[in-house]
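As a plain string of letters, each chain reads:
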Amino acid sequence: MKNFAGYKCSLCGTEYLQGQVTYTCPKDGGNLDVLLDYDSIRKKFQPEDITSRRESSLWRYLPLLPVSEPAGDSTPLHASGWTPVFALPRLAEKLRLKHLWLKDESRNPTASFKDRASAVVVTRARELKSEIVVTASTGNAGAALAGMSAAVGQKAIIFAPKSAPQAKVAQLLVFGAKVILVDGTYDDAFDLTVKAANEFGWYCRNTGYNPFTLEGKKTAAFEIWEWWIKAHHDWHKKDSQLNEHPPLSIFVSVGDGNIISGIHKGFKDLLELGWIPNMPRIIGVQAEGSAAIANAFHADTETITPVSATTIADSISVDLPRDGVRAVRAAKETNGTYITVSDDEIIQSIAELGTMGVFAEPAGAAAYAGVVKGTSLGVVGSEDPILVLNTGSGLKDVGAAMRAVQSAPIIEPTLDAVKKLL
Ligand SMILES: *Cc1c(COP(=O)(O)O)cnc(C)c1O
Ligand SMILES: [Zn+2]
């Protein structure tokens, strides 16, 4: 079942048929939005047809995705998405917030949000009968592509900066991808990957380049929608008292800007289908040292000026964000905003989330650092319902985690030594 109707350029608005383009707009290089056949979906489905499905992965949203159901079942590719939402009561109390939740994307098969994108791109690659899929990655996109590819026997090649954290590189290698470490930045790896894909005819998954990554990422919005209507039955009904509570504010960390754009797209799909009455607020969080999109947002422009990125949060360390324009719009069109946080605030947030049993890598914790800052800046009010995404597992970067805590004492194996310590 496929409701894929083509593409529309996010810059010039030109529409393309399925076979006409593969990556970006031939006229201006703009990111392409996938168009769905909304009329046909609306005729065939009610929200309840989706929310009553038993499938507990992102594939429960198959009618809203531009790919066919992947062949086989019970592989990690079939198990991406459908991540849990936790309440964070003690942190909420600390911040004087009434409602604070965290959606834990570290529960994905390769332990980051990127599995959503890679599950859909690999499915697309199988449809296109591509022999090899390639991606540039700071680590997680590669791990996700390598893992999803391994799950279904697809060949994958990953270009990553040689500075990528060891755990991420280990994942790439264990999943059996061909791993090529580039003596340069993520941006260097990105450009090289595009060139190599063109030269050798590989299918390129690059974030903010391949339109299907966003289609995978938008499934997080669908899950948030389902979670919300199950918790607050009136939210999706047009005639309900919408003023009863403020809109949900969603905090998400931003590097290339593809996750935030994906979440925006998911809610736009739901709005287009008439399944939600209005948008939640989407608030992007960037590291101070890698804030090209936040800079553009606050300068009220869609022109993204590259930076020379430096941050401990390697997953959001990006000189030139590849999905910057749509990322600016995600906040702008939803009454959201952008917040920047320092590396110290990010490290502190790793420890704070840890007190609730959540283990986040720096880029994941950055979103929570944004909640802390956003609360003090008055970006959100104490009554606002807030959902923060943890986009990646702390196990991805143990070195950064150890900077968030004090190291443990080492003692002689005697009771005396224990007594002395206590
Ligand atoms: C990729 C990634 C992000 C940012 O996603 P973009 O689409 O690049 O903005 C945030 N957190 C983690 C853990 C990631 O891997
Ligand atoms: Zn265009």
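Higher on the page you've got the structure.
Overview of the structure. Everything numeric here is computed off the predicted structure, so don't read it as measured data.

For helix α9 (residues 219-231), built from 13 residues, the straight-helix expectation of 18 Å at 1.5 Å per residue is met to within 8% by its first-to-last C-alpha distance of 18 Å. Counting buried positions along α9 yields 11 of 13 residues, so the element is predominantly enclosed. Taken as a whole, α9 has its buried residues at Thr219, Ala220, Ala221, Phe222, Glu223, Ile224, Trp225, Glu226, Trp227, Trp228 and Ile229.

A word on the coordination of the zinc ion (ligand 2). Around the zinc ion (ligand 2), the protein contributes the donor atoms Cys9 (SG), Cys12 (SG), Cys25 (SG), Asp28 (OD) and Asp28 (OD), at 2.3 to 2.5 Å from the metal centre. All donor residues of the zinc ion (ligand 2) come from one chain, and their arrangement in sequence is C-x2-C-x12-C-x2-D. Placement of Cys9 in strand β1 (residues 4-9) and of Cys25 in the loop between β2 (15-16) and β3 (32-36) is noted, with a sequence separation of 16 residues between them. For the pair formed by Cys9 and Cys25, the shared burial category is buried.

In this structure the tally under the stated criterion is 26 salt bridges. Across the pair Lys162 and Asp183 runs a salt bridge whose closest N-O atoms are separated by 3.0 Å. In this pair, Lys162 sits in the loop between β7 (155-161) and α6 (166-174) while Asp183 sits in the loop between β8 (178-182) and α7 (186-200), placing the two residues 21 residues apart along the sequence. Here the two residues Lys162 and Asp183 agree in accessibility, since each one is exposed. Between Asp191 and Arg322 there is a salt bridge whose closest N-O contact spans 3.3 Å. Here Arg322 lies in the loop between α11 (292-298) and α12 (324-332) and Asp191 lies in helix α7, a separation of 131 residues in the sequence. Overall, Asp191 belongs to the partly exposed group, its relative accessible area being 36%.

Quick notes on the rules
- Residues numbered from 1 in each chain as written.
- Chains lettered and ligands numbered in written order.
- Predicted model: local features only at pLDDT ≥ 70, side-chain atom pairs only at ≥ 80, totals over all residues.
- Heavy atoms only, no water.
- Helix = DSSP H or I, 4+ residues; strand = E, 2+ residues; numbered from the N terminus.
- Expected span 1.5 Å × (residues − 1).
- Buried < 20%, exposed > 50% of the residue type's maximum accessible area, 1.4 Å probe, protein only.
- Donors = N, O, S within 2.8 Å, 3.2 Å for Na, K, Ca; no water.
- Salt bridge = Lys/Arg side-chain N within 4 Å of Asp/Glu carboxyl O.

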